[in-house]
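In case you want the letters, here they are:
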Amino acid sequence: MLPYLAVCGAAFYGLPLLGEDTGYFIVLLLIILPLLCLTAGILYGYFSGFHPALPLFVTLLFLPTVYLYYNTTALAYACAFLFITFVGNGAGWFAGQSRH
């Protein structure tokens, strides 16, 4: 699980440093980070099975960035990332079960 969390953490803490305007942060929060969470969930579920700790850890990694880079309105994205990672993990697990 650590490699998936490392990639998510690097994106959560590194990508906001590249932003210069509000448009970048909107794209980051609405497109890039959700796709990353979904992909991490799918890949982990496919190769390692379903584990509810992955979405929880992804969300806990994101929470400090709310106060570092965004404002408190970004707390809603933590819930969204929890749900997206959970769905991705379940879908990846289901796809992994189908291959056997």
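Rules behind the numbers
- Residues numbered from 1 in each chain as written.
- Predicted model: local features only at pLDDT ≥ 70, side-chain atom pairs only at ≥ 80, totals over all residues.
- Heavy atoms only, no water.
- Phe/Tyr/Trp six-rings, centres within 6.5 Å; stacked < 30°, edge-to-face > 60°.
- Helix = DSSP H or I, 4+ residues; strand = E, 2+ residues; numbered from the N terminus.
- Buried < 20%, exposed > 50% of the residue type's maximum accessible area, 1.4 Å probe, protein only.
- Expected span 1.5 Å × (residues − 1).
- Contact = heavy atoms within 4.5 Å.
- Polar contact = N/O pair within 3.5 Å; in protein donor to acceptor, adjacent residues only side chain to side chain.
- Core = buried A, V, L, I, M, F, W, Y, C linked by side-chain atoms within 4.5 Å.
- Axes fitted to C-alpha atoms, helices over the stretch in contact; angles between N-to-C directions.
- Parallel < 35°, antiparallel > 145°, perpendicular 65-115°, else oblique.
- Left-handed = near helix turned anticlockwise from the far one by under 90°.
- Nonpolar A, V, L, I, M, F, W, Y, C, P; charged D, E, K, R; others polar.

Evaluation of the coordinates by the stated rule reveals 11 aromatic pairs. When the ring of Y24 is compared with that of F25, the centres are 5.7 Å apart and the planes differ by 80°; the resulting orientation is edge-to-face. An angle of 80° between the planes, with centres 4.9 Å apart, marks the rings of F62 and F81 as edge-to-face. Of the two residues, F62 sits in helix α3 (residues 53–68) while F81 sits in helix α4 (residues 75–98), which places them 19 residues apart along the sequence. For F81, a relative accessible area of 1% gives the class buried. Among the aromatic side chains, those forming a connected cluster through ring pairs are F12, Y24, F25, F62, Y69, Y70, Y77 and F81.

Take α3 next. Compared with the 22 Å implied by 1.5 Å per residue over 16 residues, the 24 Å span of α3 between its first and last C-alpha is a close match. Residues of α3 that are buried include every one of A53, L54, P55, V58, T59, F62, T65 and V66, and no others. Looking at the buried side of α3, the elements it contacts are α1 (2–14), α2 (22–48) and α4.

Here we take up the environment of Y13. If you trace the backbone, Y13 turns up in helix α1. It is 8.9 Å that separates the C-alpha atoms of Y13 and L68, two residues lying 55 residues apart in sequence. Among the polar contacts made by the side chain of Y13, one reaches the main-chain carbonyl oxygen of L61 at a distance of 2.9 Å.

A few words now on the nonpolar core. Grouped burial of nonpolar side chains is what soluble globular proteins tend to show. Ranked by size, the top nonpolar core spans 19 residues in total, and within it F12, L33, V58, F62, Y70 and F81 carry the most contacts. The set of elements that each furnish at least two residues to this core consists of α1, α2, α3 and α4. Ranked by residue count, the leading element in this core is α2, at six residues. Not counting chain neighbours up to four residues away, the residues in contact with Y70 comprise P16, F25, L28, L29, L33, F62 and T65.

Right, let's talk about the packing of α3 against α4 for a bit. For the pair α3 and α4, interaxial distance at closest approach is 9 Å and the crossing angle is 160°. As the angle between them shows, α3 and α4 are arranged roughly antiparallel. Read as a crossing pair, α3 and α4 show a hand that is right-handed. Contact residues: α3 offers L54, P55, L56, V58, T59, F62, L63, V66 and Y67, while α4 offers L75, Y77, A78, F81, L82, T85, F86 and N89. In the contact of α3 with α4, the residues fall into 14 nonpolar, three polar and no charged.

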